[in-house]
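Geometric and topological summary
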Amino acid sequence: MKEITYNSIFILLFLIIFGCKKENNKQDISGKMENVHTSDYGITPKGDSIKKYTLTNKNGMKIEVINFGGIITSLTAPDRNGKYEDVVLGFTKPEGYFEGNPYYFGALIGRYGNRIANAKFSLEGKTFEIDKNDGPNSLHGGKEGFHTRFWNIEVVKDAKFPTLKLSYTSADGEEGYPGKLTTTVFYTLTDDNALEISYEAETDKPTVVNLTQHSYFNLSGNFTKTITDHELQINADHFLPVNETLIPTGEQKAVKGTPFDFTVSKSIGKEINADDDQLKKGKGYDHNWILNGKGLRSIAKVYHPETGRIMEVFTDEPGVQFYSGNFLDGKFDTKTGGKNEFRTGFCLETQHFPDSPNQSSFPSTELKPGQKYQSKTIYKFSVKK
Ligand code: GLA
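Residues numbered from 1 in each chain as written. Predicted model: local features only at pLDDT ≥ 70, side-chain atom pairs only at ≥ 80, totals over all residues. Heavy atoms only, no water.

- An unreviewed UniProt entry lists the protein chain under the name Aldose 1-epimerase, with Chryseobacterium defluvii as the source organism.
- In the Sequence similarities (unreviewed entry) part of its UniProt record, the protein chain is described as follows: "Belongs to the aldose epimerase family."
- Turning to the protein chain, the UniProt annotation filed under Subunit (unreviewed entry) states: "Monomer." (UniProt positions renumbered as here; feature names shortened; annotations may be inferred.)

1. Considering the sheet that holds strand β2 (residues 49-56)
- Strand order in the open sheet formed by five strands is β1-β2-β3-β4-β5, with antiparallel pairing between adjacent strands. Across the chains shown, the open sheet's two edge strands, defined by having one partner strand only, are β1 (36-43) and β5 (84-86). Neighbouring strand axes in the sheet, compared pairwise and without regard to direction, differ in orientation by 20° on average.
- Sheet topology note: the β2/strand β3 (residues 62-66) ladder contains five bridges and is antiparallel. Looking across to β3, one finds that threonine 54 is bridged to glutamate 64. (Pairing = 2+ DSSP bridges. Helix = DSSP H or I, 4+ residues; strand = E, 2+ residues; numbered from the N terminus. Axes fitted to C-alpha atoms, helices over the stretch in contact; angles between N-to-C directions.)

2. Brief notes about the site of the ligand
- The environment of the ligand is made up of 14 residues, and the closest members are Arg115, His140, His214, Asp286 and Glu349.
- Between the ligand and aspartate 286, the relevant distance is 2.4 Å, taken from an oxygen atom to a side-chain nitrogen or oxygen of the residue.
- Contact with the protein chains removes 97% of the 310 Å² of surface that the ligand exposes when unbound.
- Of the residues assigned to the shell around the ligand, the class counts are eight nonpolar, three polar and three charged. (Near = heavy atom within 4 Å. Polar contact = N/O pair within 3.5 Å; in protein donor to acceptor, adjacent residues only side chain to side chain. Areas by Shrake-Rupley, 256 points an atom, 1.4 Å probe, with all protein chains shown as cover. Nonpolar A, V, L, I, M, F, W, Y, C, P; charged D, E, K, R; others polar.)

3. Digging into the UniProt feature "binding site: beta-D-galactose" (unreviewed entry) in the protein chain
- When the UniProt feature table is mapped to this numbering, "binding site: beta-D-galactose" (unreviewed entry) covers Asn114, Arg115, His214, Ser215, Tyr216 and Asp286.
- Relative to the helices and strands, serine 215 is located in the loop between β16 (212-213) and β17 (231-234).
- Serine 215 sits in the buried class, given a relative accessible area of 5%.
- Excluding residues that lie within four positions of it along the chain, serine 215 makes contacts with Ile72, Val88, Gly106, Phe346 and Cys347.
- A polar side-chain atom of serine 215 sits 2.9 Å from a polar atom in the side chain of glutamine 213.
- Note on placement: tyrosine 216 falls in the loop between β16 and β17. (Buried < 20%, exposed > 50% of the residue type's maximum accessible area, 1.4 Å probe, protein only. Contact = heavy atoms within 4.5 Å.)

4. With respect to the pattern of salt bridges
- Taken as a whole and assessed by the stated rule, the structure comprises 19 salt bridges.
- Linking lysine 281 and glutamate 244 is a salt bridge whose minimum nitrogen-to-oxygen distance equals 3.8 Å. Of the two residues, lysine 281 sits in helix α3 (residues 277-282) while glutamate 244 sits in the loop between β18 (238-240) and β19 (253-254), which places them 37 residues apart along the sequence.
- According to the relative accessible area criterion, glutamate 244 is exposed, its value standing at 63%.
- Salt bridges here are not isolated pairs; linked through shared partners, they connect Lys83, Glu85 and Arg309. (Salt bridge = Lys/Arg side-chain N within 4 Å of Asp/Glu carboxyl O.)

5. Focus on the environment of histidine 230
- Tracing the chain through its elements places histidine 230 in the loop between β16 and β17.
- C-alpha separation for the pair histidine 230 and isoleucine 310, spaced 80 residues apart in sequence, amounts to 9.5 Å.
- Within the local environment of histidine 230, its side chain forms a polar contact with the backbone nitrogen of leucine 219, the two atoms lying 2.9 Å apart.

6. Re the sheet that holds β19
- Ordered in space as β19-β18-β21-β24-β25, the five strands form an open sheet in which the pairing is antiparallel. Two strands close off the open sheet at either side, each with one partner strand: β19 and β25 (347-351).
- Bridge analysis of strand β24 (residues 319-323) against β25 gives five bridges, and the strand direction is antiparallel. Note on β25: the bridge partner recorded for tyrosine 323 is cysteine 347.

7. Some remarks on the side chain of aspartate 286
- Mapping aspartate 286 onto the fold places it in strand β21 (residues 286-290).
- At 4.6 Å, arginine 115 is the nearest oppositely charged side chain to aspartate 286, a buried residue that forms no salt bridge.
- A polar contact of 2.7 Å, which involves the side chain of aspartate 286, links it to the side chain of glutamine 321.
- Every residue in contact with aspartate 286, bar those within four places of it in the chain, is listed here: Leu246, Gln321, Phe322, Tyr323, Asn326 and Phe327. (Lys, Arg positive; Asp, Glu negative; His and termini not counted.)

8. With respect to the UniProt feature "active site" (unreviewed entry) in the protein chain
- Mapped onto the present numbering, the UniProt feature "active site" (unreviewed entry) falls at His214 and Glu349. Spatial clustering of the annotated residues is evident: they stretch over 136 residues in sequence, but the largest pairwise C-alpha distance comes to 6.2 Å.
- Excluding anything up to four places from it in sequence, histidine 214 contacts Tyr103, Tyr104, Phe105, Gly106, Ala107, Ile109, His140, Tyr323, Cys347 and Glu349.
- Residue placement: glutamate 349 occurs in strand β25.

9. Considering the packing of aromatic side chains
- Taken as a whole and assessed by the stated rule, the structure comprises 29 aromatic pairs.
- Among the aromatic residues, those joined into a cluster by ring pairs are Phe91, Tyr97, Tyr103, Phe105, Tyr216, Tyr323, Phe327 and Phe332.
- Over the ring of tyrosine 303 we find lysine 384; its NZ or CZ atom is 4.4 Å from the centre of that ring. (Phe/Tyr/Trp six-rings, centres within 6.5 Å; stacked < 30°, edge-to-face > 60°. Lys NZ or Arg CZ within 6 Å of the ring centre and 35° of its normal.)

10. Let's talk about the nonpolar core
- Judged by nonpolar contacts, the single largest core of 57 residues is most densely connected at Tyr187, Trp289, Met311, Phe322, Leu348 and Phe381.
- In terms of nonpolar packing, the next biggest core, distinct from the first, is built from 20 residues, Phe68, Phe98, Leu139 and Phe223 among them. (Core = buried A, V, L, I, M, F, W, Y, C linked by side-chain atoms within 4.5 Å.)

11. Points about the side chain of glutamate 317
- Along the chain, glutamate 317 falls in the loop between β23 (309-315) and β24.
- Buried charge glutamate 317 goes without a salt bridge, the closest partner of opposite sign being arginine 297 at 7.9 Å.
- A distance of 2.5 Å separates a polar atom in the side chain of glutamate 317 from a polar atom in the side chain of histidine 352.
- A distance of 3.0 Å separates a polar atom in the side chain of glutamate 317 from a polar atom in the side chain of serine 375.
- In this structure glutamate 317 touches Leu291, Arg297, Thr350, Gln351, His352, Tyr373 and Ser375, once residues within four positions along its chain are discounted.

So, in structure tokens, the structure goes:
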């Protein structure tokens, strides 16, 4: 009898110790596997397969990224009732992304985000002709910019939060730009519902760099609704007026007394149709705001009254392109039914100013060998009860 009892205690202890150990292992492994999940996404017309990476944080917020264009295909955020919904525009089918993506939905933009006048610039006495893909100008790095390239993606092991490391090497002369540019971008989803984006780049010849992210947001979670009811605040006292082809004229104009004054939060739609020459040129808002302050700081806040969703943007860049989706033209289906109509998404693209390589009064976008390009932007989601 005694022996049976000793044996049972021994077996019981063994089971408890072994069982606990197994449980710990299970937690470690499943934790890592669950916060970044990899799956097949689609196949390009050339037969290359595309992978999708799904990042999940402890609250259940999810971000989906593909290795084509470093594109964010989905990003969920909670409303005031705790309901997580996708708040970024995108296509319903993978083909949408690699058959043109005329809107640059969700993409990483490089080597130069925004426009360069007449698709040329000079560096150290040499003139470079780059791809002319937007009337007389070059837009977002050219037709085959970084948004059309395959990025190598690694899941960063032992990172505090789910993190992807995306790398792309742009050859010397690609789209007309000088220098081989090695680019690394980190996407991190933190537990306070923020997407942190860190950009790094190095070159072997003098070149120009201006990297950004082109996600379109619609905080209603319904992509058939316009974004004119969203309330926006931008910490900028000045903006850059543009000419007919959306190139800054060089003037740094005070926002005070103009529809471009977002220093105090107001709805995007409040003055978007005002009789204003700059709004006519942009077909709405499609301008760069000169951000107040320096270093990583809060630069903009968007609030959607109906759902309570808030998005706050932080960056260390000097400018932000606030674009009110004026070129969305209803040609494609949205992820929530209907078509991608006029002004159903907005972008806040953090960056250096457009056409900086041709405008000596703007902060420089030149990168020389031995220097490291570094920049950071955060999109943080919360709610107002
Ligand atoms: C940027 C530009 C816009 C437009 C979109 C893409 O935001 O500023 O003018 O070209 O990209 O459609």
